[in-house]
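Reading the structure
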Amino acid sequence: GLFGRMHPSSLRPLFSTMTTVNVGEILYFPLRARAEPLKFLCEYAKLGYSDKVVQFDEWAEIKPTIPGGSLPVLVKPGGEMLPETADIARHIAM
């Protein structure tokens, strides 16, 4: 692919001085899976975001507070939680 095996955070130095909008905090497990395209989309669009890694041993405690009980979730700057990868991607793209 375009970015190969790069991690989205490795692109951050390229965009750090251009970031003006923060979409919120992306919560996901310590895996390169469903949240990865969301992070690449933020980096490509020059949007700021926080990356919150949810460890597997924390998940049972956190799960009841997550809409739909699955990750990834985007916590918007106002605190609203947006679940579902496709919905988060659509929000980032707008």
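In this report, we go over the structure that sits alongside the text. Numbers given to residues run from 1 along each chain, matching the order in which its sequence is written. In view of the model being predicted, local features appear only for residues whose pLDDT reaches at least 70, and side-chain atom pairs are presented and counted only at 80 or more, with totals across whole chains, interfaces and linings using the full set of residues. Calculated side-chain values reflect all of the structure's heavy atoms, with hydrogen atoms and water omitted.

Another point: the pairing of strand 1 (residues 21-28). DSSP-based pairing: two strands are paired if at least 2 bridges between them are found. Strands are runs of DSSP state E lasting at least 2 residues, helices are runs of H or I lasting at least 4, and numbering of each runs from the N terminus. Judged from the six bridges that link them, strand 1 and strand 2 (residues 47-53) form a sheet pairing that is parallel. Across the sheet, the residue bridging to Ile26 is Asp51, located in strand 2. One crossover worth recording links strand 1 to the parallel strand 2 by way of helix 2 (residues 36-44), and it is right-handed. With three bridges joining them, strand 1 and strand 3 (residues 73-75) adopt antiparallel strand pairing. Its bridge partner lying in strand 3, Ile26 is registered against Leu74. By definition, the crossover connecting two strands over a helix is right-handed if that path, from the first strand to the second, turns clockwise as seen with the strands pointing away from the viewer.

Before going further, it helps to examine the nonpolar core. Generally speaking, nonpolar side chains in soluble globular proteins are found buried as a group. Definition used in this section: a nonpolar core is a set of buried Ala, Val, Leu, Ile, Met, Phe, Trp, Tyr and Cys residues joined via side-chain atoms within 4.5 Å. With a 1.4 Å probe rolled over the protein chains alone, any residue whose accessible area is under 20% of its type maximum counts as buried; one over 50% counts as exposed, and the rest are partly exposed. Counting 20 residues, the largest nonpolar core has Ile26, Cys42 and Leu71 as its most contacted members. Contributing elements (two or more residues each) for this core: strand 1, helix 2, strand 2, strand 3 and helix 4 (85-93). A per-element tally of this core places strand 1 first, with four residues. Ignoring anything within four residues of it in the chain, the contact list for Leu71 reads Leu27, Tyr28, Phe29, Arg34, Val54, Trp59 and Ile66. Throughout, a contact is declared for two residues whenever any of their heavy atoms are within 4.5 Å.

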